[in-house]
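# Geometric and topological summary
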Amino acid sequence: MVVTLKIKDQFFDRPKVRNAVDRAKKKNLSRAGAYVRRTARSSIRPATKKQKKQRRHLQKSRRRRLGRHDPTISRPGRPPRRHTPGKRGIRLILFGYDQASASVIVGPVRFQTSGNNVAQLLEHGGSGFVGRGRRKKRATYLPRPFMQPALEKESSKFPDLFRNSVKG
């Protein structure tokens, strides 16, 4: 009886293992990004009809700007409210897998404008300009975070995503 032993059979096939790990990482990071995106989108609720009715009533009775008393505006520390019909604005919260850094980026789309980055002002607060043309006025935004709470809420699911995920 002849017994042969090939040394190559005793080691991992490195490219195969690397490819399996990379596929699993991309799949699971993308899934984590989708979870955070879904939670961020669902946290931005529309202003209710009751709040809009209260706002109209206040505008008529006071004949002045509502400012901080506007019932359609969320309170600081709470996620912002949506004022447009449909889901147009929240569909612009996206995620993408970055192969170069093997990471996921989740957040609202930033448009190339010379004005404010409204999403950043909502998330962290700060000051920016409101209005268009000559009617611009400086306004102070109090933070109304929606991305960080979404990440914190979904981060407990991340370890389970990566458990037993590499299959060869």
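Parameters at a glance
Residues numbered from 1 in each chain as written. Predicted model: local features only at pLDDT ≥ 70, side-chain atom pairs only at ≥ 80, totals over all residues. Heavy atoms only, no water. Salt bridge = Lys/Arg side-chain N within 4 Å of Asp/Glu carboxyl O. 1 Å grid on protein atoms, 1.4 Å probe; cavity = no way out; pocket = protein on both sides within 12 Å on 5 of 7 lines; lining within 4 Å. Points joined across faces, edges and corners; volume = space filled by probe spheres on them. Helix = DSSP H or I, 4+ residues; strand = E, 2+ residues; numbered from the N terminus. Nonpolar A, V, L, I, M, F, W, Y, C, P; charged D, E, K, R; others polar. Core = buried A, V, L, I, M, F, W, Y, C linked by side-chain atoms within 4.5 Å. Buried < 20%, exposed > 50% of the residue type's maximum accessible area, 1.4 Å probe, protein only. Contact = heavy atoms within 4.5 Å. Phe/Tyr/Trp six-rings, centres within 6.5 Å; stacked < 30°, edge-to-face > 60°. Lys NZ or Arg CZ within 6 Å of the ring centre and 35° of its normal. Axes fitted to C-alpha atoms, helices over the stretch in contact; angles between N-to-C directions. Parallel < 35°, antiparallel > 145°, perpendicular 65-115°, else oblique. Left-handed = near helix turned anticlockwise from the far one by under 90°. Pairing = 2+ DSSP bridges. Arc of directions from axis to C-beta. pLDDT = per-residue confidence, 0-100. Polar contact = N/O pair within 3.5 Å; in protein donor to acceptor, adjacent residues only side chain to side chain.

According to the stated counting rule, one finds three salt bridges in the structure shown. One salt bridge connects aspartate 160 with arginine 163, and the closest N-O pair in it is separated by 2.5 Å. One salt-bridge network, held together by shared partners, links Arg38, Glu154 and Lys157.

Quick look at the layout of surface pockets now. Space inside the second largest pocket adds up to approximately 330 Å³. Lining the second largest pocket we find 20 residues, and of these Val106, Gly107, Pro108, Met147 and Gln148 sit closest to its centre. Of all the secondary structure elements, the ones that give two or more residues to the lining of the second largest pocket are α1 (14–43), β2 (103–108), α3 (118–124) and α4 (147–154). Within the lining of the second largest pocket, the residues separate by chemical class into 12 nonpolar, six polar and two charged.

Ala32, Val36, Ala40, Ile44, Ile90, Ile93, Leu122, Phe146, Met147, Ala150, Phe158 and Leu161 together form the largest nonpolar core, which totals 12 residues. Residue contributions to this core peak at three residues, all from α1. When residues no more than four places from it in sequence are discounted, the contact partners of alanine 32 are Phe158 and Leu161.

A few words on the packing of aromatic side chains. Within this structure, the stated rule accounts for zero aromatic pairs. Across the ring face of phenylalanine 129, the terminal group of arginine 138 is positioned such that the distance to the ring centre comes to 4.5 Å. Its end group placed over the ring of tyrosine 35, lysine 157 keeps NZ or CZ at 5.1 Å from the ring centre.

At a closest axis distance of 8 Å, the pairing of α1 and α4 adopts a crossing angle of 130°. Judged by the angle between their axes, α1 and α4 are oblique. Every pair of crossing elements has a handedness; the one defined by α1 and α4 is right-handed. When α1 is examined against α4, the residues Tyr35, Val36, Arg38, Thr39 and Ala40 are found in contact with a partner set consisting of Met147, Ala150, Leu151, Lys153 and Glu154. Each residue belonging to the contact of α1 with α4 can be placed in one class, and the counts come to six nonpolar, one polar and three charged.

What follows deals with the pairing of strand β4 (residues 137–141). With five bridges connecting them, strand β3 (residues 126–130) and β4 associate as antiparallel partners. Of the residues in β4, the one forming a bridge with glycine 126 is tyrosine 141. Counting the residues in the hairpin turn of β3 and β4 gives six residues, including glycine 131, whose phi is positive at 105°.

If you check which residues of α4 are buried, you get Met147, Ala150 and Glu154. Angular distribution of buried residues about the axis of α4 spans 60°; they occupy a single face of the element. For α4, the exposed residues lying more than 90 degrees away from the buried face are Glu152 and Lys153. Of the surrounding elements, those touching the buried residues of α4 are α1, β1 (93–98), β2, α3 and α5 (158–162).

Residues with a pLDDT of 70 or more make up 85% of the chain, whose mean pLDDT is 82. Per-element confidence in the chain ranges from a low mean pLDDT of 71 for helix α2 (residues 49–62) to a high of 94 for α4.

Bringing the side chain of threonine 39 into the picture now. When you line up the elements, threonine 39 lands in helix α1. Side-chain polar atoms of threonine 39 contact the backbone oxygen of tyrosine 35, separated by 3.0 Å. Setting aside anything within four residues of it in sequence, one finds threonine 39 in contact with Ala150, Lys153 and Glu154.

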